[in-house]
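# Structural overview
Spelled out from the first residue to the last, the chains are:
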Amino acid sequence: MSETFSFITKESIRLDDYLRKMLPGAVGQRQAQAQTQAQTQTQAPSSLNLSNSKIRRLILAGCVKVNGRVLLRPAFELRGTSSVEVFFDREKFFYEKKPDDIKFSLKESDILFEDDNLIFVNKPAFFPVEQTVAGNRANLHDAVVDFLWARNKELRNPPYVGIMHRLDRETSGVIVFTKNRNVNKEIHDIFEKHEQDKEYIALCVPEHPKGGCPVQGTSFTVEKFMGRISGKSQAGKWGELSEYNGGQYSKTDFYVEGETAVEGKACLKIKCMLYTGRTHQIRVHLSGEGLPILGDALYGGRPADRLYLHAYRLSFICSGRLYDIIAPLPW
């Protein structure tokens, strides 16, 4: 989740130099306050060491506004009275590129459905949805922009592509982008109000002994408050967290469709229907039920070539039209 830091200065100074001076202390102080409120025992530093390169990447990623305007020039000279806003996502900022990001170029066969307003894409696993401040990381949003621009070479500028929701980097399946700003608010409201149906398919290796796990035709629901339970410097891990300690309500319905086998492992094929969209929600809910997803090492799953979680179906009504899009299973 992005935090906002606001500064006012009358200095004449480069934007990157100013942020290098002001941002570490502000970020460290905010972190210390958050840990105090959570009554943790960890001693937070009063300031952080934010490298010059990451300050530049933050600016180039469009995360900094000066006097209300996004500025992409680290060398921009602040003059007079300037207001500076920084939109800062700790996890993305401190992220270092993973070695297993795949190479991917969008093709016609990856488009599940498209019209003048929306484009539905079948996202591959091990590919992030959007750019991070870590640098020039290949991502699905840029791939969609490149694809549409190559198809309309007469355009002088890149075509507009709007991000309305996200999938985890390791998760495959259907995701929608907007092609027209006029539908952004309607699509945003659909996701914000949970007026869409989202179905995932997960392959799980039960922790319970045979005979003690759900069987075909079993339905169950998981409801709990969730929040981040790992330190900011560690891989992001979410789990059950009290509402009073910042946990957010989450709910998923599950249905066991049957048994299958992949990579030589016997699995349960489970349909997952989301009511809320918390980070790692399905992974946390299934792991808590003794049904970790195959390939999900973070939450106790057996080692595998990939995380066996797939966004199978996305359905909603926009501008009076029903969109009901399915991404075929990749395994």
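As shown above, the structure is provided for reference.
Residues numbered from 1 in each chain as written. Predicted model: local features only at pLDDT ≥ 70, side-chain atom pairs only at ≥ 80, totals over all residues. Heavy atoms only, no water.

## Quick notes on the overall build of the chain
Stated precisely, the cut-off is as follows: Runs of E in the DSSP output that reach at least two residues are strands. Runs of H or I that reach at least four are helices, and both are numbered from the N terminus. Partly exposed residues are those whose accessible area sits between 20% and 50% of the maximum for their type, while under 20% is buried and over 50% is exposed, using a 1.4 Å probe and protein chains only. Accessibility throughout is a Shrake-Rupley quantity obtained with a 1.4 Å probe, and a residue counts as covered only by protein chains that appear here.
Assigned secondary structure in the chain consists of six helices and 17 strands. Out of the 331 residues belonging to the chain, those deemed buried represent 46%. Total accessible area on the chain stands at roughly 17500 Å², and carbon and sulfur atoms take up 48% of it.

## As for helix α2 (residues 52-60)
The cut-off we apply is this: Think of the arc as the fan of directions from the helix axis to the C-beta atoms.
For α2, every residue scored as buried is listed here: Lys54, Ile55, Leu58 and Ile59. The arc that holds the buried residues of α2, viewed along the axis, is 145°, so those residues lie on one side. Gly62 lies just past α2 and shows a positive phi near 80°.

## So, the packing of aromatic side chains
Counted only if it meets this: Think of it this way: a Phe, Tyr or Trp ring, Trp meaning its six-membered ring, pairs with another when their centres are within 6.5 Å, and the plane angle makes it stacked under 30 degrees, edge-to-face over 60, tilted otherwise.
The final tally for this structure, using the stated rule, is 12 aromatic pairs. Between the aromatic rings of Phe7 and Tyr18, the centroid separation amounts to 6.1 Å while the plane-to-plane angle is 90°, which identifies the pairing as edge-to-face. A residue pair is termed long-range when its members are at least 10 positions apart, and Phe7 in strand β1 (residues 3-9) and Tyr18 in helix α1 (residues 15-37) qualify at 11 residues. Taking the relative accessible area as the measure of exposure, Tyr18 reaches 2% and is therefore buried.

## Regarding the environment of Trp149
You can see Trp149 is positioned in helix α4 (residues 140-151). In the structure, Trp149 is positioned 11 residues away from Tyr160 in sequence and 9.4 Å away in space, judged by C-alpha atoms.

## So, the sheet that holds strand β6 (residues 82-88)
Going by this rule: Strand pairing requires that DSSP identify at least two bridges connecting the strands.
Strand order in the open sheet formed by four strands is β1-β6-β3-β4, and the pairing between neighbours is antiparallel. Since the sheet does not close on itself, it has two edges, and those belong to β1 and β4 (69-70), each with one partner. Where strand β3 (residues 64-66) meets β6, three bridges bridge the pair, whose relative direction is antiparallel. When the bridges of β6 are listed, Val66 appears paired with Val84.

## Observations concerning the pattern of salt bridges
Heads up, the rule is: Note on definitions: salt bridges are taken to be side-chain nitrogens of Lys or Arg within 4 Å of carboxyl oxygens of Asp or Glu.
Taken as a whole and judged by the stated rule, the model has 22 salt bridges. The residue Asp17 makes a salt bridge to Arg14 at a minimum N-O spacing of 3.9 Å. Assessed through its relative accessible area of 31%, Asp17 is described here as partly exposed. Taken together, the shared-partner salt bridges connect Asp101, Asp168, Arg169, Glu170, Arg283 and Asp296 into one network.

## Some words on the environment of Gln216
Inclusion rule: Residue contacts follow a heavy-atom distance rule, with two residues in contact if any of their heavy atoms lie within 4.5 Å. Any N or O atom pair separated by 3.5 Å or less is treated as a polar contact, with the protein-specific requirement of one donor-capable and one acceptor-capable atom, and with residues adjacent in sequence counted only for side-chain atom pairs.
Mapping Gln216 onto the fold places it in the loop between β11 (197-204) and β12 (219-228). Sequence-wise, Gln216 and Gly258 are 42 residues apart; in three dimensions their C-alpha atoms are separated by 4.6 Å. The residues touching Gln216, leaving out its near neighbours within four places in the chain, are Val256, Glu257 and Gly258. At 3.4 Å, the side chain of Gln216 and the backbone oxygen of Glu257 are in polar contact.

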